[in-house]
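# Remarks on the overall topology
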2 protein chains.
Amino acid sequence: MPTSGKTGLPAADPDLGRLRDFVRAFVAGLDEPIEARARLLRDLVARDDWLPAEYAEPDPARYRQYLLHCDSAERFSVVSFVWGPGQRTPIHDHRVWGLVGVLRGAEIVQPYRRGPDGSLLPASAAQRLEAGEVDIFGPDIGDIHSVANAHADRVSVSIHVYGANIGAVERATYDEAGREKRFVSGYANRSLPNLWDRS
Amino acid sequence: MPTSGKTGLPAADPDLGRLRDFVRAFVAGLDEPIEARARLLRDLVARDDWLPAEYAEPDPARYRQYLLHCDSAERFSVVSFVWGPGQRTPIHDHRVWGLVGVLRGAEIVQPYRRGPDGSLLPASAAQRLEAGEVDIFGPDIGDIHSVANAHADRVSVSIHVYGANIGAVERATYDEAGREKRFVSGYANRSLPNLWDRS
Ligand SMILES: [Fe+3]
Ligand SMILES: [Fe+3]
Ligand SMILES: [Mg+2]
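As the structure is a computational prediction, the values presented were derived from the model and not from experiment.

### Here's the deal with the overall build of chain A
For chain A, the count of helices and strands is two helices and 13 strands. For 199 residues, the compact-globule estimate of 2.2 N^0.38 gives 16 Å, and chain A sits close to it at 16 Å. For chain A, the spread of C-alpha atoms along the three principal axes comes to 60 × 40 × 30 Å. With 199 residues in all, chain A has 54% of them scored as buried. For chain A, restricting intrachain contacts to residue pairs at least 6 apart in sequence, the fraction spanning at least 24 positions comes to 74%. Charge separation in chain A, taken as the distance between the mean sites of 24 positive and 28 negative side-chain charges, equals 2 Å.

In structure tokens form, the structure reads like this:
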């Protein structure tokens, strides 16, 4: 993979055709089982040579979420999550199905479930996702988790697909007692990549 | 309308909610008659306070086409056409339905039809479209035209909607003898406006 020496990010002007082909295949398979959609994402993150550097820029203070594509009817959105060294999310939910595919580096995902008193308990051991691996979540199979960069000394990047315009969904973060705090995440970017120029 | 003194373009950070609401309404009405879709575009161009200045920048040499939104399945695209003073297109076709709504300034549209010998003849008198007005065309009702800025001394801008990812459609320009020259227009912009941040 061609990289710039300073950041390890792909060189400028990568091929957006990979992301365009993913969006086309994903919308065609939107009614397929979630496992079929997860396979499409696995194909996308199998190679780390297509994400423009401007959508992989970390923020020194906290993780960033860049919108890459949103469906016209907001039926799904595709996002790049960029984790600076050691950055992590609070415990949070999504309220729609979601797929996470690691493009670069690695992530630690900790799923939660509600205990009898309403508090949040680990639903299983934390899972480490390496580059190329995909995780599935949703309201039906468990929708509350926290996610962290597995690396303390480097950037990780993952590609997420959600069953809505995720940056506009009113959802919640939680403390360990299970108390909700409502949030709408928005996006870090004012501009999206133009996937659609085939000329 | 707040304008910058130099260009007459809207001030920075206009409300992209108008364009987002248009895309949402348009995709919901994609199977409605073309006249219903034209009414949605008429509503959009009724006010010139929402197009970011970076998608209204003219090129000194020729008209420019900026992609604003493309449907995930490439069923439709929304484009801003920016005409420098006196600029015009060659005679060309589209091969899909199209809507043109003038946002700023005015345009002259000249439709063509094939004569018995295959040459192109004016199908009617040229039509002047003022800001706020919408034109409809398509393979079924006539798809060949040339378009020009009606103004020799100022920029005009129109918003177009097409039944495909128009920048990727292989179509044709024509000389007056009706001889085709294939072209794929592409787009002037590498980045699209992020319509989807509601936070
Ligand atoms: Fe999450
Ligand atoms: Fe045209
Ligand atoms: Mg769509």
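### Some remarks on helix α2 (residues 34-45) of chain B
Residue and element names in this part refer to chain B. The end-to-end C-alpha distance of α2 is 17 Å, a good match for the 16 Å that twelve residues give at a rise of 1.5 Å each. All of the buried residues in α2 are I34, A36, R37, A38, L41, L44 and V45. Those residues of α2 that are buried are in contact with α1 (17-28), β4 (98-104), β8 (134-137) and β10 (156-162).

### Here's the deal with the confidence of the model for chain A
Residue and element names in this part refer to chain A. Mean pLDDT over chain A works out to 93, with 93% of the residues at or above the 70 mark. The low-confidence segment residues 1-12, where pLDDT is below 50, has 18 contacts with residues more than four positions distant or belonging to other chains. Both scores are given for the predicted complex: the pTM is 0.92, the ipTM 0.91.

### Some details on the relation of the copies chain B and chain A
Between the two copies, chain B and chain A, the superposition gives an RMSD of 0.0 Å; the rotation angle is 180° and the shift along the axis is 0.0 Å. Taken together, the rotation and translation describe the operation of a two-fold axis. In terms of proximity to the rotation axis, the leading residue of chain B is L192(B), whose C-alpha is 2.4 Å off the axis. Taken together, the interface assignments show that 100% of the residues at the interface of chain B recur at the interface of chain A, consistent with an identical surface on both copies.

### A word on α1(B)
Between its first and last C-alpha atoms α1(B) spans 16 Å; for twelve residues at 1.5 Å apiece the expected length is 16 Å, and the two agree. Within the sequence span of α1(B), burial applies to G17(B), R18(B), L19(B), R20(B), F22(B), V23(B), F26(B) and V27(B).

### What to know about the coordination of the iron ion (ligand 1)
Working reference: metal with six octahedral donors, ideal angles 90 or 180 degrees; metal with four tetrahedral donors, ideal angle 109.5 degrees. Residues and elements named next belong to chain A. Every protein donor of the iron ion (ligand 1) is accounted for by H92 (NE2), H94 (NE2) and H145 (NE2), and the metal-donor separations fall at 2.1 to 2.2 Å. Between consecutive donor residues of the iron ion (ligand 1), the sequence gaps follow H-x1-H-x50-H. Placement of H94 in the loop between β3 (91-92) and β4 (98-104) and of H145 in strand β9 (residues 144-149) is noted, with a sequence separation of 51 residues between them. With relative accessibility at 5%, the residue H145 sits in the buried group.

Reading the values: the criteria
Residues numbered from 1 in each chain as written. Chains lettered and ligands numbered in written order. Predicted model: local features only at pLDDT ≥ 70, side-chain atom pairs only at ≥ 80, totals over all residues. Heavy atoms only, no water. Helix = DSSP H or I, 4+ residues; strand = E, 2+ residues; numbered from the N terminus. Rg over C-alpha atoms; globule rule 2.2 N^0.38 Å. Buried < 20%, exposed > 50% of the residue type's maximum accessible area, 1.4 Å probe, protein only. Contact = heavy atoms within 4.5 Å. Lys, Arg positive; Asp, Glu negative; His and termini not counted. Charge placed at Lys NZ, Arg CZ, Asp CG, Glu CD. Expected span 1.5 Å × (residues − 1). pLDDT = per-residue confidence, 0-100. Least-squares fit on C-alpha atoms with pLDDT ≥ 70 in both. Donors = N, O, S within 2.8 Å, 3.2 Å for Na, K, Ca; no water.

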